[in-house]
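# Summary of the model geometry
Next come the chains, spelled out residue by residue.
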Amino acid sequence: MLKLAKRLALVALLIAGAGTAASPVRILIAYHSQTGNTAKLAAAVREGAASVAGVEVLLRSVDEAGTEDIVKSDGILLGTPVHWGNLSAESKRFLDRMGEVLGKTSKMLGEGRTAGVFCTAGSISNGQEMARLAAIAAFLDMRFMVIGGVNDEGFGSLGPQAVTGGSPPGVNDRDRAEARRFGERFARLTWQFRAGAKP
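So, here's what we can say about the structure. Worth saying up front: this structure is predicted, and the values here are computed from it rather than measured. (Residues numbered from 1 in each chain as written. Predicted model: local features only at pLDDT ≥ 70, side-chain atom pairs only at ≥ 80, totals over all residues. Heavy atoms only, no water.)

## Brief notes about helix H6 (residues 173–196)
Counting along an α-helix, one turn takes 3.6 residues, and residues three or four places apart therefore face a common direction. Compared with the 34 Å implied by 1.5 Å per residue over 24 residues, the 35 Å span of H6 between its first and last C-alpha is a close match. Those residues of H6 not exposed but buried are Asp175, Glu178, Ala179, Phe182, Gly183, Phe186, Ala187 and Thr190. Two or three places before Arg174, at the opening of H6, Asn172 has a side-chain oxygen 3.0 Å from that residue's backbone nitrogen. (Helix = DSSP H or I, 4+ residues; strand = E, 2+ residues; numbered from the N terminus. Expected span 1.5 Å × (residues − 1). Buried < 20%, exposed > 50% of the residue type's maximum accessible area, 1.4 Å probe, protein only. Polar contact = N/O pair within 3.5 Å; in protein donor to acceptor, adjacent residues only side chain to side chain.)

In structure tokens form, the structure reads like this:
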């Protein structure tokens, strides 16, 4: 009788695990891009995130990202250009809309979800840290768990950035590599976080 109970318990665990495995982790990458540079960085982030098994990645501009995209996401990444040392107005509106959508869905807002940010700027000291910190503060206020990046020297970062006004201008291979690493790390940690979450 004890062996039968153990077998039934094992079968129940396997069924529960199969149900969890069947549902992919959903990651929304929402970005605002005026010149195309943030879109290029977002595509590299998506490439890295999509490399993780069991993860479904949705890439949308902040204007295209819909209510369902926000509600169904286990993790949300925001890409923004730096405007006057801060996020773009379009990126800020997306964060406000996200808070409104999640607030109507649950008083828990982003609880149990992950978030991260990446940015582009025309020059080295345009305010990339300030822009990313503004987004991170909003995510933390909404109770998200924020995941940062790792630069090519192995140090933690607020998330990838690209200085696009250099010579040659635009997003370079090093920027794309950092963005891919960030996307992979974000997707992997979001998957691990969700797998360990209690119902």
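## A few points about helix H2 (residues 37–50)
Between its first and last C-alpha atoms H2 spans 20 Å; for 14 residues at 1.5 Å apiece the expected length is 20 Å, and the two agree. Among the residues making up H2, those that are buried are Asn37, Thr38, Leu41, Ala42, Ala44, Val45, Gly48 and Ala49. Taken end-on, H2 shows its buried residues confined to a sector of 160°, consistent with a single buried face. Among the structural elements, strand S1 (25–31), strand S2 (55–61), strand S3 (75–83), strand S5 (114–121), strand S9 (161–163) and H6 are those in contact with the buried residues of H2. (Arc of directions from axis to C-beta. Contact = heavy atoms within 4.5 Å.)

## A few points about the packing of aromatic side chains
Within this structure, the stated rule accounts for two aromatic pairs. Centroid distance Phe182 to Phe186: 6.3 Å. Interplanar angle 45°. Geometry classified as tilted. Of the two residues, Phe182 and Phe186 both sit in helix H6, four residues apart, roughly one turn of that helix. Judged by relative accessible area, which is 0%, Phe186 ranks as buried. (Phe/Tyr/Trp six-rings, centres within 6.5 Å; stacked < 30°, edge-to-face > 60°.)

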